[in-house]
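Structure at a glance
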Amino acid sequence: MNDFVIVLGWIGLYAPMALGAIGSIMGCAVAGQAAIGAMLDTDSGYGRYVGVSAMPSSQVIYGIVVMFTLNRPVTAEVAPGLFAIGVLAGLALMFSAIYQGQCCASAIHASKAKPEIFGLSVAPAAIVEGFAVFAFIFALVISGNIPQT
């Protein structure tokens, strides 16, 4: 049983980075596809479309930092904490990146028709980013309670 618990600890250690990367890949792909479509329909503003399509990439960075924060020897005593924090923070980062990509795609579609609303149309994506930051900060704070054996 201890071996299984230790395996869960290792999963939790790397989950924030892996799940954050999966979400960032999916979010950037959705937003990037919208950016490519917008570039076909407009004669300018390409840089802002590409920039907005990269917004979901920040979740993988948060995941890497959480992974390094959780990095410690995995024992049966600390494994449950590593698993819980790592997997739950990783899922929060993954879903926020996916949905942020959808918000970015919507912003790109809206701003290609009305370029003057570009800044306002990116606000929902920034709100979703805020939830990723909340999960990131929570994981960093709570990981301080896991003993360094």
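On to the overall build of the chain, then. For the chain, the helix and strand inventory stands at six helices and zero strands. When the elements of the chain are put in sequence order from the N terminus, they spell out α-α-α-α-α-α. The 149 residues of the chain split such that 43% are buried. In the chain, the proportion of contacts linking residues at least 24 apart, taken out of those at least 6 apart, comes to 87%. A total of about 7500 Å² of accessible surface is found on the chain, and carbon and sulfur atoms cover 75% of it. Where the 4 positive side-chain charges of the chain centre and where its 6 negative ones centre are 10 Å apart.

So, on to helix α6 (residues 123–143). Under the 1.5 Å per step criterion, the end-to-end length of α6 is 30 Å for 21 residues, consistent within 8% with the ideal 30 Å. Taken together, the buried positions of α6 are A125, V128, E129, A132, A135, F136, A139 and S143. Viewed along the axis of α6, the buried residues span an arc of 110 degrees, placing them on a single side of the element. What points out from α6, more than 90 degrees from its buried face, is the exposed set I127, F131, F134, F138 and V141. Packing partners of the buried residues in α6 comprise α3 (58–70) and α4 (79–113).

Once that is clear, we can look at the nonpolar core. Side chains that are nonpolar tend, in soluble globular proteins, to be buried together. Counting residues in hydrophobic clusters, the biggest one holds 16 residues, and the most contacted among them are L70, L82 and I146. Counting only elements with at least two residues in this core, the list comes to α1 (2–41), α3, α4 and α6. Ranked by residue count, the leading element in this core is α4, at five residues. Not counting residues within four places of it along the chain, the set of residues in contact with I146 comprises L70, R72, V78, G81, L82 and I85.

Below, the discussion takes up the side chain of S58. Relative to the helices and strands, S58 resides in helix α3. Residue class for S58 comes out buried when judged on its relative accessible area of 15%.

Further remarks concern the state of the cysteines. What is meant by a disulfide is a covalent connection between two cysteines, made through their sulfur atoms. Inspection of the entire model under this criterion finds zero disulfides. Free cysteine: C28, not disulfide-bonded; nearest cysteine sulfur from C104 at 8.1 Å. We classify C28 as partly exposed; its relative accessible area is 22%. Free cysteine C104: the closest other cysteine sulfur is in C103, separated by 6.9 Å. Exposure remark for C104: the relative accessible area of 0% places this residue in the buried category.

What counts and how
- Residues numbered from 1 in each chain as written.
- Predicted model: local features only at pLDDT ≥ 70, side-chain atom pairs only at ≥ 80, totals over all residues.
- Heavy atoms only, no water.
- Helix = DSSP H or I, 4+ residues; strand = E, 2+ residues; numbered from the N terminus.
- Buried < 20%, exposed > 50% of the residue type's maximum accessible area, 1.4 Å probe, protein only.
- Contact = heavy atoms within 4.5 Å.
- Areas by Shrake-Rupley, 256 points an atom, 1.4 Å probe, with all protein chains shown as cover.
- Lys, Arg positive; Asp, Glu negative; His and termini not counted.
- Charge placed at Lys NZ, Arg CZ, Asp CG, Glu CD.
- Expected span 1.5 Å × (residues − 1).
- Arc of directions from axis to C-beta.
- Core = buried A, V, L, I, M, F, W, Y, C linked by side-chain atoms within 4.5 Å.
- Disulfide = S-S within 2.5 Å.

Distances and angles like these do not, on their own, reveal function.
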